[in-house]
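Chain by chain, the residues:
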Amino acid sequence: MSNDYLKQKRLLLVDDEEELLHMVEMILRKDGYTELRTAGSTEEAFRIFREWKPELAVLDVMLPDGDGFSLFSRMRRESDLPVLFLTARGEDEDRFKGWDMGADDYMVKPFLPRELTSRILAILRRSYKNENPVVRLAQSSIDFERAEVQKGEERLSLTAKEYELLTALYRNAGRIVTIDQLCEAAWGDNPYGYENSLMAHIRRIREKIEENPSKPVSLLTVKGLGYKLITEETL
Amino acid sequence: MKHTLRLIRRFVFILMFSVILLFALNVILFIAATYDETNARGGWQWAEEVTEELLSSDGNGLKLSQKGAEILEELDAWAVLVADGTGDVIWHSDNLPPEIPLHYSAADISWGTRGYIKDYPTTTASKGKDLLILGHPKTRYWKQMWNTWDYDLIKNAPGTILKAAGVNLLVIIFIYMVFTFGFLRSVKPVVDGIERLPEEEVHVRERGQLSGLASAINQASEKLRSQEHALKKKERAQANWIAGVSHDIRTPLSMVMGYAGELEENRALPDEARKQAQVIRLQSVRMKNLINDLNLYSRLEYTMQPLKRSKVDFAAVVRLAAADFINSDLEQKYPVEWSMEEGLAACVIDGDKELLGRAVNNILTNVRVHNPDGCRITIKMEKEKGKDGKRKGERGKDEKRTDEKEKDETRRDETGRLSLIIEDNGTGADQEQLKQLKNTPHYMMCGRNGSSERGERHGMGLLIVRQIAEVHGGTAEFFQSQEGGFGVKLTLTLEHIAVMIEKA
């Protein structure tokens, strides 16, 4: 069980630096992606976008015939494909502009290959999780479409909060998700003061996904900071 | 206007002082000038002295003594002795002018006593029942002939003098005020202009007596503004230049980092080559951090980075930065130990979330740079409780939103200061370096002696930490940790702190 289905997604890479495009393409191919196309200008990118219908785009902000932000809004008018901005512009204004426009992620160059691949994977997971609803864990599996956990013969349904928490953890599988991020995912914008509540929910999730909830192997505590979900694919 | 009032007060004081001084001076001068007059009592004294020197001689005649003669000679005066009853002159000095009569009626004597005899001013003294008349040279004395004063005039003199003095003073003050206000009216714009000069652009109307001054102020203002503008332009250009350079470096550096990362993981390569690729990758990461720091540094320094203040839970910021740090530590060389004061829930401060995260990130990155072989990191958050640890009602709304399960919890909000302490057990810094970190001004970010045992510098990254703490009204301290490593203590002011109290 793996991310194979995600790695078959069509990825469009747009940057005015041919060398960089070449490198990113190589990094992604090595990571298992097969459907990749590149573009060096907004026009070319938009043409490919229309013809090829990519399922994720990595956009540079500064392009020879326009900027990535406007390319992004043109694309968004026709589809809501997930977008990762990859740019040399690191100023806060640019970053916030990217976020405000609804970009899925914003990365400032320079970057490490692993950083890029993990962020792309995270976006794909988030955007296409329902296509492969079953995530396998060490001792159980989570079916996100049905909001159920299969442990042995047992089928246990997830409450709304448990579902939100597991989604947040799965998006960042293998990485620490802080207490605050989890509270925000489950309780929204003003998440102060839910720590104890969160602990209770985590305990109940463990009861569902772990063989021995007091000795968890899939949903790990990072003391004081947060939690980490270990899936089969992250192992 | 404050200055002007002070000026007026001062002027009035000086005026009063001068009036009093002048008065005193005049009195003294008057006394000095009339001193001789007072002694001789206007010539009357001489008459008495001459009378005393007029001695009887040989039984029948009168004779002036030697001393008397000398007095007369010195005064250049003549003298006659008029007998009582007859009005005849029974003695006279040798130098008697011929026009002086030798017989006097009672009216003549009264007239002569009050005024002049043949234009000679006279003084008299009695010798027994007889009268000695001393005649002085014509230009020796003025005589006041009608020397009577109205009784009331003398009686009321003190009041009259006081009134006159008062009127005089009022007149002087009036003249002064009219002049001063006229002057101040023309000075005021100039004074105002000078006062405003440090803050804003000033233009003073150039007219009246002080137009020269006004135009000088206008020129100074123009010069100041243009210099300020030039300086700002220069700073902006500098910051933009740095931003531009760092932008241009990012793309090539991406490729260095990207390919180095790929080579490092390429199992077809010999170990040695992969290790070298790793060095390239690590160093390019350092360059990346340096570029980010440099850019942020110049933006903060030239205040081109406006603070995006909001209510931030600093604990969440630190947790996120720590989690990012651990997530990126794939080899798990930097175990992080987290400890937060028991019961602390949210530490809300008024700050810029991004910048605060950046500060924590810089501290952690600094640890990694200085300890490539890994080390243990402890992150501690404590509150330094303020005296007014009080409840705040404004959080009441949020309380109601908590889950039903948490009804047995209440919040207590406290203000005070919050400190974040991040320590490691790796490479420390010696006193010299710590001192340097503490004292280095922002613009001298790369001290030459700043190298530690490993030849690494605790450089700009930490200065940015300090900068960020300072723009938030807090402090950053750098110290030697208990385990010999490096330590940073960040102290910030709490907006409020939420403490969870579990009810039994």
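Because the structure is a prediction, the values reported are computed rather than measured.

> Where do I start with the side chain of glutamate 262 of chain B in this structure?
Looking at where glutamate 262 of chain B falls in the secondary structure, it is placed in helix α8 (residues 211-265). When its relative accessible area of 10% is taken as the criterion, glutamate 262 of chain B is described as buried. With near-sequence residues (within four places) excluded, glutamate 262 of chain B lies in contact with Met26, Ile27, Lys30 and Pro113 of chain A.

> What am I meant to see in the packing of aromatic side chains here?
Where two aromatic rings form a pair, the distance of their centres and the angle of their planes describe that pair. Applying the stated criterion across every chain yields a total of eleven aromatic pairs over all chains. With a centroid separation of 6.2 Å and 15 degrees between ring planes, the pair formed by phenylalanine 478 of chain B and phenylalanine 486 of chain B is classed as stacked. As far as burial versus exposure is concerned, phenylalanine 478 of chain B and phenylalanine 486 of chain B are alike and both buried. The lysine or arginine in question, arginine 125 of chain A, covers the ring of tyrosine 170 of chain A, its NZ or CZ lying 5.3 Å from the ring centre. Directly above the ring of tyrosine 120 of chain B sits lysine 138 of chain B, whose terminal nitrogen or CZ lies 4.9 Å from the centroid.

> Just to check I follow, could you spell out helix α6 (residues 113-128) of chain A for this structure?
In an α-helix, one full turn covers 3.6 residues, which means residues spaced three or four apart are oriented alike. Compared with an ideal rise of 1.5 Å per residue, which puts 16 residues at 22 Å, α6 of chain A spans 22 Å between its outermost C-alpha atoms and is within 8% of the ideal. Buried within α6 of chain A we find Pro113, Leu116, Thr117, Ile120, Leu121, Ala122, Ile123, Leu124, Arg125 and Tyr128 of chain A.

> Got a minute to help me understand the interface of chain B and chain A in this structure?
Many structure descriptions define interface size as the accessible area lost when the parts assemble. Contact residues are listed per partner, giving 49 residues for chain B and 45 residues for chain A. Both sides together, the interface formed by chain B and chain A hides about 4,200 Å², and carbon and sulfur atoms give 53% of it. Counting across the interface, chain B meets chain A through three salt bridges. One salt bridge in this structure joins aspartate 180 of chain A and arginine 319 of chain B, with 2.7 Å as the shortest N-O distance. Of all the elements in the fold, those that place two or more residues in the side of chain B that touches chain A are α8, α9 (271-301), β8 (309-313), α10 (314-328), β10 (344-352), α12 (396-401), β12 (409-424) and β14 (486-502) of chain B. Tallied by class, residues from the side of chain B that touches chain A come to 18 nonpolar, ten polar and 21 charged.

> Explain the confidence of the model for chain B to me, please; I cannot follow it from the model alone.
For residues with low pLDDT, the predicted coordinates do not support detailed interpretation. All names here are of chain B. Per-residue confidence for chain B averages 81 on the pLDDT scale, and 86% of its residues sit at or above 70. Confidence, expressed as mean pLDDT per element, reaches its minimum in chain B at α12 with 42 and its maximum at strand β3 (residues 78-82) with 92. Taken together, the stretch residues 387-412 has pLDDT below 50 and engages in 50 contacts with residues farther than four places along the chain or on a different chain. The low-confidence segment residues 500-504 (pLDDT under 50) makes 16 contacts with residues lying over four places distant or belonging to another chain. Here the predicted complex scores 0.61 on pTM and 0.77 on ipTM.

> Help me understand the nonpolar core, please; the structure alone is not making it clear to me.
As a rule of thumb, nonpolar side chains are buried together in soluble globular proteins. In this structure, Ile120 and Leu198 of chain A are the most contacted members of the largest nonpolar core, which totals 54 residues. Both of domain 1 (4-129) and domain 2 (133-234) of chain A provide at least three residues apiece to this core. When near neighbours in sequence (up to four residues on either side) are disregarded, isoleucine 120 of chain A contacts Leu11, Leu28, Tyr33, Leu56, Val58 and Leu84 of chain A. Counting 50 residues, the second-largest nonpolar core is a separate cluster that includes Leu296, Cys347, Leu356 and Leu420 of chain B.

> Even after reading the chapter, I still don't get empty space enclosed by the protein, so can you show me in this structure?
Rolled over the atoms, a probe sized like a water molecule indicates the empty space that remains. All names here are of chain A. Inspection of the entire model under this criterion finds three cavities of 30 Å³ or more. In this structure, the second largest cavity is lined by Leu13, Val14, Asp15, Leu20, Leu21, Val24, Val58 and Leu86. The set of elements that each furnish at least two residues to the lining of the second largest cavity consists of β1 (11-14) and α2 (18-30). With three residues, the single largest contributor to the lining of the second largest cavity is α2. Of the residues belonging to the lining of the second largest cavity, the class tally is seven nonpolar, no polar and one charged.

> Even after reading the chapter, I still don't get α10 of chain B, so can you show me in this structure?
Residue and element names in this part refer to chain B. Given a rise of 1.5 Å per residue, 15 residues ought to cover 21 Å, and the 21 Å separating the end C-alpha atoms of α10 matches this to within 8%. Of all 15 residues in α10, eleven are buried; the element is thus mostly enclosed. All of the buried residues along α10 are Phe314, Ala315, Ala316, Val317, Val318, Arg319, Ala321, Ala322, Ala323, Phe325 and Asn327. Between the side-chain oxygen at the start of α10 and the backbone nitrogen of alanine 315 there is a gap of 3.1 Å, and the oxygen is on aspartate 313.

> How should the packing of α9 of chain B against helix α11 (residues 353-370) of chain B be read in this particular structure?
Helix-helix packing: each pair is described by the crossing angle between the helix axes and the interaxial distance. All names here are of chain B. The interhelical angle for the contact between α9 and α11, taken along N-to-C directions, is 145 degrees, at an axis separation of 12 Å. Taken as a pair, α9 and α11 cross one another with a handedness that is left-handed. In this structure, α9 contributes Arg286, Asn289, Asn292, Asp293, Leu296 and Leu300 to the contact, and α11 contributes Leu355, Arg358, Asn362, Thr365 and Val369. Each residue belonging to the contact of α9 with α11 can be placed in one class, and the counts come to four nonpolar, four polar and three charged.

> Hey, could you run me through the sheet that holds strand β8 (residues 134-136) of chain A in this one?
In a beta sheet, neighbouring strands are held together by backbone hydrogen bonds and run either parallel or antiparallel to one another. Residue and element names in this part refer to chain A. Spatial strand order, β8-β9-β10-β11: four strands in an open sheet with antiparallel pairing. Only two strands of the sheet have a single partner each, and these edge strands are β8 and β11 (154-157). Strand-to-strand, the axes of this sheet are offset by a mean angle of 20 degrees, without reference to chain direction. By the bridge criterion, three bridges tie strand β9 (residues 141-143) to strand β10 (residues 148-151) in an arrangement that is antiparallel. Each bridged residue has a counterpart across the sheet, and for serine 141 the counterpart in β10 is glutamine 150. Relative to the sheet, helix α9 (residues 195-209) contacts β10 and β11, its axis offset from that of β10 by approximately 45 degrees.

> I keep staring at the environment of isoleucine 117 of chain B and nothing clicks. Help me out?
Residue and element names in this part refer to chain B. Relative to the assigned elements, isoleucine 117 resides in strand β5 (residues 116-117). Look at isoleucine 117 and you get buried, because its relative accessible area is 6%. In this structure the C-alpha to C-alpha distance between isoleucine 117 and glycine 135, which are 18 residues apart in sequence, comes to 7.7 Å. Sequence-distant contacts of isoleucine 117, defined by excluding residues within four places in its chain, comprise Trp78, Ile100, Pro101, Tyr104, Gly112, Thr122 and Ile133.

> What's the story with the pattern of salt bridges in this structure? I'm lost.
When their charged atoms lie close together, side chains carrying opposite charge are able to pair. Residues and elements named next belong to chain A. Evaluation of the coordinates by the stated rule reveals 28 salt bridges over all chains. For lysine 9, the salt bridge identified is with glutamate 55, shortest N-O distance 3.4 Å. Here lysine 9 is found in the loop between α1 (4-7) and β1, whereas its partner glutamate 55 is found in the loop between α3 (42-52) and β3 (56-59), with 46 residues between them in sequence. No difference in accessibility class separates lysine 9 from glutamate 55, as the two residues are buried. As a salt-bridge pair, glutamate 55 and arginine 10 come within 3.7 Å of each other at their nearest N and O atoms. Residue glutamate 55 is located in the loop between α3 and β3, and its partner arginine 10 is located in the loop between α1 and β1; the two are separated by 45 residues in the primary sequence.

> Before we go on, may I ask you to explain the sheet that holds strand β6 (residues 83-87) of chain A in this structure?
All names here are of chain A. Read from one edge of the open sheet, five strands run β2-β1-β3-β6-β7, paired in parallel fashion. Edge positions in the sheet fall to β2 (36-39) and β7 (105-108), since each has one partner strand and no second. Direction aside, the axes of adjacent strands within the sheet are offset by 15 degrees on average. When β1 meets β2, the two strands line up parallel, connected through four bridges. Paired with leucine 11 across the bridge in β2 is leucine 36.

> What exactly am I supposed to notice about a negative patch on the surface here?
On the surface, Asp16, Glu17, Glu18 and Glu19 of chain A cluster together into a negatively charged patch. Judged by its relative accessible area of 68%, glutamate 18 of chain A falls in the exposed class.

> Could you clarify how one ought to interpret the packing of α9 of chain B against helix α14 (residues 460-471) of chain B in this entry?
Residues and elements named next belong to chain B. At a closest axis distance of 10 Å, the pairing of α9 and α14 adopts a crossing angle of 35 degrees. The handedness of the crossing between α9 and α14 is left-handed. Residues Leu290, Asp293, Leu294, Leu296, Tyr297, Leu300 and Glu301 of α9 pack against Met460, Gly461, Ile464, Gln467 and Ile468 of α14. Counted by class, the contact of α9 with α14 contains eight nonpolar, two polar and two charged residues.

Cut-off values and rules
Residues numbered from 1 in each chain as written. Chains lettered and ligands numbered in written order. Predicted model: local features only at pLDDT ≥ 70, side-chain atom pairs only at ≥ 80, totals over all residues. Heavy atoms only, no water. Helix = DSSP H or I, 4+ residues; strand = E, 2+ residues; numbered from the N terminus. Buried < 20%, exposed > 50% of the residue type's maximum accessible area, 1.4 Å probe, protein only. Contact = heavy atoms within 4.5 Å. Phe/Tyr/Trp six-rings, centres within 6.5 Å; stacked < 30°, edge-to-face > 60°. Lys NZ or Arg CZ within 6 Å of the ring centre and 35° of its normal. Expected span 1.5 Å × (residues − 1). Buried area = accessible area lost by both parts, 1.4 Å probe. Salt bridge = Lys/Arg side-chain N within 4 Å of Asp/Glu carboxyl O. Nonpolar A, V, L, I, M, F, W, Y, C, P; charged D, E, K, R; others polar. pLDDT = per-residue confidence, 0-100. Core = buried A, V, L, I, M, F, W, Y, C linked by side-chain atoms within 4.5 Å. Domains from an automatic or database assignment. 1 Å grid on protein atoms, 1.4 Å probe; cavity = no way out; pocket = protein on both sides within 12 Å on 5 of 7 lines; lining within 4 Å. Points joined across faces, edges and corners; volume = space filled by probe spheres on them. Polar contact = N/O pair within 3.5 Å; in protein donor to acceptor, adjacent residues only side chain to side chain. Axes fitted to C-alpha atoms, helices over the stretch in contact; angles between N-to-C directions. Left-handed = near helix turned anticlockwise from the far one by under 90°. Pairing = 2+ DSSP bridges. Patch = residues over 30% accessible without salt bridge, like charges linked within 9 Å, V, L, I, M, F, W, Y side chains within 5 Å. Areas by Shrake-Rupley, 256 points an atom, 1.4 Å probe, with all protein chains shown as cover. Lys, Arg positive; Asp, Glu negative; His and termini not counted. Charge placed at Lys NZ, Arg CZ, Asp CG, Glu CD.

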